[in-house]
Every structure is written in structure tokens, then in C-alpha cells.
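Observations on the model geometry
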Amino acid sequence: MDVTRTVNAEIHYADRGEGPALLLVHGHPFDHTMWQPQLDHFSRTHRVIAPDLRGYGTTPLGAYPDSTDLGVFAEDLTDLLDDLGIHDCVLAGLSMGGQIAMELYRRHPERVRGLVLADTFPAAETDEGKAVRNAMADRLIAGGAEAMRAYADEVLDRMVAPYNTHAAPHVHRMMCATDPAGAAAALRGRAERPDYRETLTTVPFPALVVVGRDDSYTPVADAEDMHALLPHSTLAVIEGAAHLPNLERPDAFNAVLENYLRSLVRPS
């Protein structure tokens, strides 16, 4: 892992390969190793950057101990791009990572030349959803590592389809290793996110929407709605996968992403 220290954060990240920049943003409650199959595959043709978000993996939570909103994550990523001398990138995010990608595009559209939204949705949180996220944050803070493991046990079969036993151990390890304070801060911040649907209608370049066929967190219908909002987008449904198709069916996911990357033409 490489480390960069900005005014606002200490960010740990993987940086592999050469070529056009591909920035991969992990979901909750994971870390950069969620993208290992994509790091291995796309570093042959791209410079692939996969950070641990603030409060996840080896990146410390820092100055936002109670609530980390999506704007903080987006600015961390922008600072990382600045530190690496990268002006623009193809930005890919899954689940919470997709919402962070939407926030980064909303704030800094000039930094994004391609957008990949996987197993995510753009709507603001409902009142019920806010209550659930805040209650879970309280539970994680109160229970610490034991509560984190219990949460991982409860949701594993939704994160990874039960028939994808090859992916489950890695996903469970990531969840159990997550700092409860970092996860709780992100849950509270994510509960207050804005609605990104109008933002999606302004994306001028081709985008890619990906979803696992059996994803119950962000069903195919949510992906279809995003696809309809984006002016120029492709929708790919990955068969035999739930919420983490990049790990459950990496060959299929990589093929879809590779076709998309080949379709992008960098302006001269």
C-alpha cells in the first residue's frame, strides 16, 4: 500500500499499472481489496488506483469521528488525484462507492471522463432509512468488533449470493476487519446524502451501470432507473451474482468493464 498525506487526511491506496487512470471506490463495509480481481486485470492497460476510504482498511478515520458525509470522501479522492498528478479518470464505484462517485462528479465534473456505477442507487435516504442507518451506527459503536462481526454474519448472504461460496470468505473477512467507528461515521454521513438523480441527467459522456441479477440491496429495477436517467449509458446485468458481482463473477464483470473502457476515447 502507498500512502499520501493531504491537508485533510492520510490516505492509503493501491497504485498499479500505467496508462489512463481508473479510480475504484469500494463499498461499505469493505476496503480496497474488494477490487482485487480488477486491480489484477486492468493494471495491464490502465493505471488503477484503489484507495481505502477514510475509516476503512488501513486509512485512519481522522478528523470526522462521528459522521463522515459523502462530500468528505469525495474530497479525499480529489486530493488523492491531485497528489498523484492525475487530472481526470474513469471513476468506478460500487454501492456506497457509487454514491461517492456521484458526489465527486457533482462537485468536480471536470475530473471525471467516465463513470461506472455498480450495485448502487442515486436517491436520497428515506426517513426510515435514516433511522435504520443511525441505529446501526449506534449498535456498532456500542458493540465494537463483536458487533461488526455479528453484522457481517447477518448480511453476508445478501452481499454475496449463498451459492457463491468462493467469494464469501474474503467478503466476510473485510467486513469483520472494518473499524466500527469508521463504519458508524460513514453510516451517519450516508444517511444525509443528497439526491443525485438530477446530477445523473447532466453526465455528458458514456456511462456504465452494472448490477448483479440477484442483488436485493439495489435490485435490477434500481439499475434500470439509473440507466434511464443517464443520457448515454449501457446497462449490464451480471448473472449469478448478488451485491458484489465484481467478486462473485469477476470474469463477467471484467468483460463488461473492459468493453466500456475500450469504448471511451480520450480527447486529444
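Now for a quick tour of the structure. Please read these numbers as outputs of a predicted model, since none were measured by experiment.

1. Some points on the nonpolar core
The tendency in soluble globular proteins is for nonpolar side chains to be buried as a group. In terms of nonpolar packing, the biggest core is built from 47 residues, with M159 and V171 touching the most fellow members. Broken down by element, the residue count for this core peaks at 10 residues, all from helix 4 (residues 127-159). Those residues in contact with V171 that lie beyond four places of it in its chain are F30, L156, M159, V160, L244 and L247.

2. Some points on the packing of helix 4 against helix 5 (residues 168-177)
Two elements in contact, helix 4 and helix 5, have axes separated by 9 Å at closest approach and are oriented at 145°. Once helix 4 is placed against helix 5, the crossing between them reads as right-handed. Of the residues in helix 5, those touching helix 4 at M148, R149, A152, D153, V155, L156 and M159 are A168, V171, H172, M175 and C176.

3. Regarding unusual backbone geometry
With glycine set apart, most residues show a phi of negative sign, and most peptide bonds adopt trans. The residue after H28, namely P29, is reached through a cis peptide bond having omega -5°. Topologically, P29 is positioned in the loop between strand 3 (21-25) and helix 1 (36-42). Non-glycine residue S95 carries a positive phi angle of around 60°. Tracing the sequence through the fold places S95 in the loop between strand 5 (89-94) and helix 3 (96-107). In this structure S95 comes out as buried when scored by relative accessible area, which is 7%. If you check the backbone angles, D119 has positive phi at about 50° while not being a glycine.

Quick notes on the rules
The written sequence of each chain sets the order in which its residues are numbered from 1. Per-residue local features are limited, in this predicted model, to residues with pLDDT of at least 70; the limit for side-chain atom pairs, both in listing and counting, is 80 or more; totals at the level of whole chains, interfaces and linings are taken over all residues. Remark: hydrogens and water are excluded; side-chain values derive from all non-hydrogen atoms of the structure. Nonpolar cores are built from buried Ala, Val, Leu, Ile, Met, Phe, Trp, Tyr and Cys residues. Side-chain atoms within 4.5 Å join them into one set. Partly exposed residues are those whose accessible area sits between 20% and 50% of the maximum for their type, while under 20% is buried and over 50% is exposed, using a 1.4 Å probe and protein chains only. Where helices and strands are cited, they refer to DSSP runs of H or I of at least four residues and of E of at least two residues respectively, numbered from the N terminus. In this analysis, two residues are considered to be in contact whenever any of their non-hydrogen atoms come within 4.5 Å of each other. The convention used is that axes are lines fitted to C-alpha atoms, helices contributing only their stretch in contact, and that angles between N-to-C directions extend from 0 to 180 degrees. It is the rotation of the near helix from the far one that decides the hand of a crossing: anticlockwise by less than a right angle makes it left-handed, clockwise makes it right-handed.

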